[in-house]
Amino acid sequence: VQLVESGGGLVQAGGSLRLSCAASGRTFGSVAMGWFRQAPGKEREFVARITWSAGIIVYADSAKGRFTISRDNAKNTVYLQMISLKPEDTAVYYCVEYRAGSIWSVGSYNYWGQGTQVTVSS
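None of these values were measured; they are calculated from a predicted model. Starting from 1, residues in each chain are numbered consecutively following that chain's sequence as written. Restriction of local features to residues with pLDDT of at least 70 applies here, the model being predicted, together with a cutoff of 80 or more for giving and counting side-chain atom pairs; totals for whole chains, interfaces and linings are based on all residues. Computation of side-chain values: all heavy atoms of the structure, hydrogens and water removed.

1. Regarding the pattern of salt bridges
Here is step 1 of the chain: For this document, the term salt bridge refers to a Lys or Arg side-chain nitrogen within 4 Å of an Asp or Glu carboxyl oxygen. Per the counting criterion, the structure on display carries four salt bridges.
Here is step 2 of the chain: Asp 89 is paired through a salt bridge with Arg 37; the nearest N and O atoms lie 2.9 Å apart. With Asp 89 in the loop between strand 8 (77-82) and strand 9 (91-98) and Arg 37 in strand 4 (residues 33-38), this pair connects stretches of sequence that are 52 residues apart.
Here is step 3 of the chain: Under the relative-accessibility criterion, Asp 89 is labelled buried at 1%.
Here is step 4 of the chain: Between Arg 66 and Asp 89 there is a salt bridge; the shortest N-O distance is 2.7 Å. Of this pair, Arg 66 sits in the loop between strand 6 (57-59) and strand 7 (67-72) while Asp 89 sits in the loop between strand 8 and strand 9, and the two are 23 residues apart along the sequence.
Here is step 5 of the chain: Three labels apply to residues, based on accessible area from a 1.4 Å probe with only protein chains included: buried if under 20% of the type maximum, exposed if over 50%, partly exposed otherwise in between. Residue classification places Arg 66 among the buried residues on the basis of a relative accessible area of 12%.
Here is step 6 of the chain: Overlapping salt bridges bring together Arg 37, Glu 45, Arg 66 and Asp 89 as one network. Secondary structure elements follow DSSP: runs of H or I no shorter than four residues count as helices, runs of E no shorter than two count as strands, and numbering proceeds from the N terminus.

Set out below in structure tokens:
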């Protein structure tokens, strides 16, 4: 399985970005996908997760109301639309494939992309 993120960049506070994650190597529509992020000097943290049918979506409190996770199974792609970005959203964002266990735990995800940098300036 390969996960390739894109869409990161530098944006001013209050701006928007849409991250994309293209998946290959398996039947994409059968697994839950998510996003984590890691800020400098901090541990990786859960951002959002979406089930294969998009029937169940969970967000971290920091993402609620500002971030929207979605997926297009026909395109093997998952997205993270981010609006009202804040400097504290600055991090490397990782696309992940869920395996089992707590959705908040890094260890519950068995495949990770290489990450895409999001930098929000004040």
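Moving on from the coordinates now.
2. Description of the pairing of strand 7
Here is step 1 of the chain: Burial along strand 7 is one-sided: Phe 67, Ile 69 and Arg 71 are buried, and none of Thr 68, Ser 70 and Asp 72, which face the opposite way, are.
Here is step 2 of the chain: Relative to strand 8, strand 7 is paired through six bridges, and the arrangement is antiparallel. Directly across from Ile 69, in strand 8, lies its bridge partner Leu 80.
Here is step 3 of the chain: By this definition, two strands are paired if DSSP reports at least two bridges between them. Adjacent in sequence and paired antiparallel, strand 7 and strand 8 are bridged by four residues, among which Asn 76 carries a positive phi angle near 55°.

3. Here we look at the packing of aromatic side chains
Here is step 1 of the chain: Only the six-membered ring of Trp is used, alongside the rings of Phe and Tyr, when aromatic pairs are assigned; centres must lie within 6.5 Å, and planes under 30 degrees apart are stacked while those over 60 apart are edge-to-face, with the rest tilted. Per the stated rule, a full pass over the model turns up six aromatic pairs.
Here is step 2 of the chain: Centroid distance Phe 36 to Phe 46: 5.8 Å. Interplanar angle 85°. Geometry classified as edge-to-face. Note that Phe 36 is positioned in strand 4 and Phe 46 in strand 5 (residues 45-50), a separation of 10 residues in sequence. Each member of the pair, Phe 36 as well as Phe 46, is classed as buried.
Here is step 3 of the chain: Residues Tyr 94 and Trp 112 carry aromatic rings whose centres are separated by 5.9 Å and whose planes lie at 70° to one another, so their mutual orientation is edge-to-face. Of the two residues, Tyr 94 is situated in strand 9 and Trp 112 in strand 10 (residues 109-112); the sequence distance between them amounts to 18 residues.
Here is step 4 of the chain: Given a relative accessible area of 10%, Tyr 94 falls into the buried group.
Here is step 5 of the chain: Classification of Trp 112 by relative accessible area gives partly exposed; the value is 24%.
Here is step 6 of the chain: Feature note: the residues Phe 36, Phe 46, Tyr 94, Tyr 98, Trp 104, Tyr 109 and Trp 112 constitute an aromatic cluster, connected by ring pairs.
Here is step 7 of the chain: Stacked on the ring of Tyr 94, the Lys or Arg Arg 44 has its end atom at 3.9 Å from the ring centre. Here, a charge over a ring is recorded when the distance from Lys NZ or Arg CZ to the ring centre is within 6 Å and its angle to the ring normal is within 35 degrees.

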